[in-house]
Amino acid sequence: MASSSLISTVNSYENYIQRHGTDESVINAMVEASRIAIKSDKDTQYGLSLSNRTKGLIQAYMLNKTGGTIWDLEKYAQQHEKEYKLLDLQYDLLLLESRDIFESFMLYLERKRPVEERFYQPRINPLRRVANGIQDLADDKMDELFVNCPSRIGKTSIVKLGFVWYGSKYPEKSNLYTAYSDKITSGFYDGIIEIITDPTYTYADIFPENVQTRLITDGKDTTIDLIRKKTYPTFTMRSIYGTLNGACDCSGMGVADDLFSGIEEALSLDRQTTVWGKFDNNFMKRLKRKAKLINMGTRWAPLDVQGRRKALLENNEEYKTRRWNAIIIPALNENDESNFDYPYDLGYSTQDYLQIRASFEENDDMASWFAQDQQEPIDRHGALFTTDNLQYFKPEDLPERVPDRIFAAIDPAYGGGDFVSMPICYQFGVNYYIVDVVYSDCDKTVTVPEVTERIAYHLRKYFPKTAEVHFEETKSTEEYRKLCDEEWKKLNVPVNTTHDPAPNDISKKDRIRNHAPDIKNLRFLERQYRTAEYQKYFTNILIFKIEGKNKHDDGIDSTAQLCDMIYGDRRIRKTVIRKSPI
């Protein structure tokens with residue numbers, strides 16, 4: 001525990017900061033106090049709180065003096081071959097923290113490397129989310145972690161660093177990594193050796209006791225021991241098809257990384273079952289009760305290994321006490337912007353991903369886009385709609401006259417994961433164009449104004465045209481329609497609203513299936529003219545499947561409701577099973 005004299009001294013530093021502000025002398029004093037707390041008084045918790053406070057002081061001081069950050073100063077220092085005491089103090093703090101804080105370990109580890117050649121610092125956004133997840137495992141706040149991101153963005157590299165960091169903290173524990181091939185596990189093995197031994201890394205400064213003796217390595221079995229040779233090595237890398245039973249053990253951290261070789265294997269139901277058996281019967285049996293687990297890789301299908309594992313955690317009563325988290329970072333965010341547009345031309349720009357998506361769409365393989373890049377695996381069996389069997393239009397294709405009819409169907413919701421979906425349709429003769437859409441999971445304070453203003457916008461274009469809006473409502477969503485009615489009255493736009501509950505003589509899926517030919521006759525905006533909101537709505541149509549579960553079906557359901565407005569119930573037929581006359 002920190003001594004009373006140290007605590008009193010730190011309090012005097014804080015009083016000094018309140019009276020005189022922050023300067024380099026008090027920063028230096030706070031760094032020394034952090035060192036005493038961690039190294040001398042062995043009070044890691046108090047020491048880490050001091051070091052975190054001191055890093056905040058450094059950042060505030062830099063912002064006040066230069067308008068930049070400490071990392072801007074480091075970049076300038078490298079470019080001009082200069083040294084700055086403040087930068088040294090920042091790294092002193094990171095070294096103090098690096099055995100206990102994973103992010104500090106990564107930042108200090110690459111201190112000697114040019115900024116643009118580092119792994120973590122340029123990728124800190126969004127990979128900090130993964131770093132925090134690994135930290136939660138190490139701090140025993142979590143038992144299991146899923147990491148799902150597109151390929152080539154650094155997910156394996158950051159997990160490799162976490163694997164090394166955790167194993168270095170606890171070298172007597174055994175840690176196990178598995179992937180689909182020996183080539184992948186061998187590459188992981190080489191990467192660990194590089195991190196520990198390459199002089200461009202500062203591993204020896206952080207864990208000097210682990211390098212006092214030479215690493216004990218076995219390239220054939222891909223094992224690495226720290227400090228001494230053990231029955232179960234510190235690090236073992238083994239293919240999911242390799243020898244796991246009896247030869248491997250995991251009392252520390254287990255990592256299952258990309259257990260399928262590619263799309264063909266991952267989409268085979270037989271292979272899914274085989275690989276799940278290897279994972280559950282071989283790999284998982286190697287993990288001791290307190291071992292931590294990271295599942296990572298491309299999500300290919302709902303019933304891939306990660307999907308089955310998540311289903312266990314979510315639905316099985318026996319797993320209710322297991323603490324887990326899924327970090328899912330798609331290629332494009334909700335605004336169709338890249339999550340991985342790193343500096344120094346690393347990662348992928350928004351345009352890169354838009355081109356990749358366009359290529360998938362051109363090949364009518366949006367399911368692969370959602371799986372590989374958006375981390376939304378789709379069951380390809382039972383899909384009703386593809387990009388090839390739907391129709392499209394450009395804005396200039398619309399006739400230059402007032403539409404015969406402006407109408408919309410709305411599936412109301414109050415947020416909380418459910419989407420308000422309202423496709424807006426123009427009718428010209430026998431053709432129907434989905435010209436706009438409201439598709440949002442925000443609450444009613446956001447969506448009611450969106451719904452009412454969007455309809456008002458289209459009516460102003462064709463004044464004095466009247467719009468028809470149909471609400472499929474329940475008692476709980478009746479208020480939503482009334483709020484919209486009130487807003488349209490305030491806006492003084494002519495809207496005729498109707499409302500009905502969902503039909504009780506046919507399921508939602510059957511209604512959608514019955515209206516599938518009608519939906520295929522609707523015209524949707526071509527991709528380049530869609531807003532991000534329209535694209536999300538259109539995506540919801542593409543990913544809907546008759547077989548299995550649909551996470552969200554608000555977009556396709558509201559489109560089926562729209563077809564009810566066009567065709568009435570002539571397409572809807574309740575299935576009746578009759579007795580055979582024979």
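Residues numbered from 1 in each chain as written. Predicted model: local features only at pLDDT ≥ 70, side-chain atom pairs only at ≥ 80, totals over all residues. Heavy atoms only, no water.

## Focus on the overall build of the protein chain
- Counting its regular elements, the protein chain contains 21 helices and 15 strands.
- Over its C-alpha atoms, taken along the principal directions, the protein chain stretches across nearly 80 × 70 × 45 Å.
- Residues classed as buried in the protein chain amount to 51% of the 582 residues present.
- Taking all contacts inside the protein chain whose residues are at least 6 apart in sequence as the whole, residues at least 24 apart take part in 69%.
- Of the accessible surface of the protein chain, which amounts to about 27800 Å², a share of 47% is contributed by carbon and sulfur atoms.
- Each charge class in the protein chain can be summarised by its mean position, and for the 79 positive and 89 negative side chains these summaries are 4 Å apart. (Helix = DSSP H or I, 4+ residues; strand = E, 2+ residues; numbered from the N terminus. Buried < 20%, exposed > 50% of the residue type's maximum accessible area, 1.4 Å probe, protein only. Contact = heavy atoms within 4.5 Å. Areas by Shrake-Rupley, 256 points an atom, 1.4 Å probe, with all protein chains shown as cover. Lys, Arg positive; Asp, Glu negative; His and termini not counted. Charge placed at Lys NZ, Arg CZ, Asp CG, Glu CD.)

## Here we look at the side chain of Asp 41
- As for its placement among the helices and strands, Asp 41 is situated in the loop between helix H2 (24–40) and helix H3 (44–66).
- Buried charge Asp 41 goes without a salt bridge, the closest partner of opposite sign being Lys 42 at 9.2 Å.
- In this structure the side chain of Asp 41 is engaged in a polar contact, spanning 3.0 Å, whose partner is the backbone nitrogen of Ser 3. (Salt bridge = Lys/Arg side-chain N within 4 Å of Asp/Glu carboxyl O. Polar contact = N/O pair within 3.5 Å; in protein donor to acceptor, adjacent residues only side chain to side chain.)

## Overview of the pairing of strand S11 (residues 420–428)
- Among the nine residues that make up S11, nine are buried, leaving the element largely enclosed by the rest of the structure.
- By the alternation rule, side chains of S11 split into Val 420, Met 422, Ile 424, Tyr 426 and Phe 428 and Ser 421, Pro 423, Cys 425 and Gln 427, which are all buried.
- Bridging between strand S10 (residues 405–410) and S11 involves four bridges; their strand directions are antiparallel. If you follow Ala 408 over to S11, its bridge partner there is Ile 424.
- Count of turn residues in the S11/strand S12 (residues 431–440) antiparallel hairpin: two residues, of which Gly 429 carries a positive phi of about 65°. (Pairing = 2+ DSSP bridges.)

## Structural notes on unusual backbone geometry
- Residue Pro 126 is bonded to the preceding Asn 125 through a cis peptide linkage, with omega at 20°.
- With respect to the element layout, Pro 126 can be found in helix H7 (residues 124–138).
- In this structure, the amide linkage connecting Phe 463 to the following residue, Pro 464, adopts the cis form with an omega of 5°.
- In this structure, Pro 464 sits in the loop between helix H16 (444–461) and strand S13 (467–472).
- The backbone phi angle of Arg 152 is positive, close to 65°, even though this residue is not glycine.
- You can see Arg 152 is positioned in the loop between strand S1 (144–148) and helix H8 (155–169).
- By relative accessible area, which is 71% here, Arg 152 ends up exposed.
- Positive phi is not limited to glycine here, since Asn 492 has a value of about 60°.
- Here Asn 492 shows up in the loop between helix H17 (478–491) and strand S14 (495–500).

## As for the nonpolar core
- Counting residues in each nonpolar core, the largest one holds 144 residues, and the members touching the most others are Ile 158, Ile 455 and Phe 524.
- Filtering out sequence-adjacent residues up to four positions away, Ile 455 remains in contact with Ala 408, Met 422, Ile 424, Ala 467, Val 469, Trp 488 and Val 495.
- Counting residues in each nonpolar core, the second largest holds 19 residues, with Cys 250, Val 275, Trp 276 and Met 284 among its members. (Core = buried A, V, L, I, M, F, W, Y, C linked by side-chain atoms within 4.5 Å.)

## Some thoughts on the confidence of the model for the protein chain
- Per-residue confidence for the protein chain averages 91 on the pLDDT scale, and 96% of its residues sit at or above 70.
- Note on residues 570–582: pLDDT under 50 across the span, and eleven contacts to partners over four residues away in sequence or across chains. (pLDDT = per-residue confidence, 0-100.)

## Topic: a negative patch on the surface
- A cluster of acidic side chains, namely Glu 334, Glu 337, Asp 418 and Asp 441, defines a negative patch on the protein surface.
- Here Glu 334 is to be found in the loop between strand S8 (324–328) and helix H14 (350–362). (Patch = residues over 30% accessible without salt bridge, like charges linked within 9 Å, V, L, I, M, F, W, Y side chains within 5 Å.)

## A closer look at the pattern of salt bridges
- In total, this model carries 37 salt bridges according to the counting rule given.
- The partner of Asp 553 in a salt bridge is Lys 508, with the nearest N and O atoms 3.4 Å apart. Of the two residues, Asp 553 is situated in the loop between helix H20 (532–543) and helix H21 (554–567) and Lys 508 in helix H18 (residues 508–514); the sequence distance between them amounts to 45 residues.
- Using a relative accessible area of 37% as the deciding quantity, one classes Lys 508 as partly exposed.
- Salt bridges sharing common partners tie together Asp 140, Asp 143, Lys 292 and Arg 323.

## Digging into the sheet that holds strand S5 (residues 235–237)
- Taken in spatial order, the eight strands make up an open sheet running S3-S4-S5-S2-S6-S7-S1-S8, and their pairing is mixed. With one partner strand each, in any of the chains shown, strand S3 (216–218) and S8 form the two edges of the open sheet. Taken pair by pair, the neighbouring strands of this sheet meet at an average axis angle of 10°, ignoring direction.
- This element, helix H12 (residues 269–286), spans strand S2 (175–178), strand S6 (253–257) and strand S7 (292–296) of the sheet and lies at about 150° to S6. (Axes fitted to C-alpha atoms, helices over the stretch in contact; angles between N-to-C directions.)

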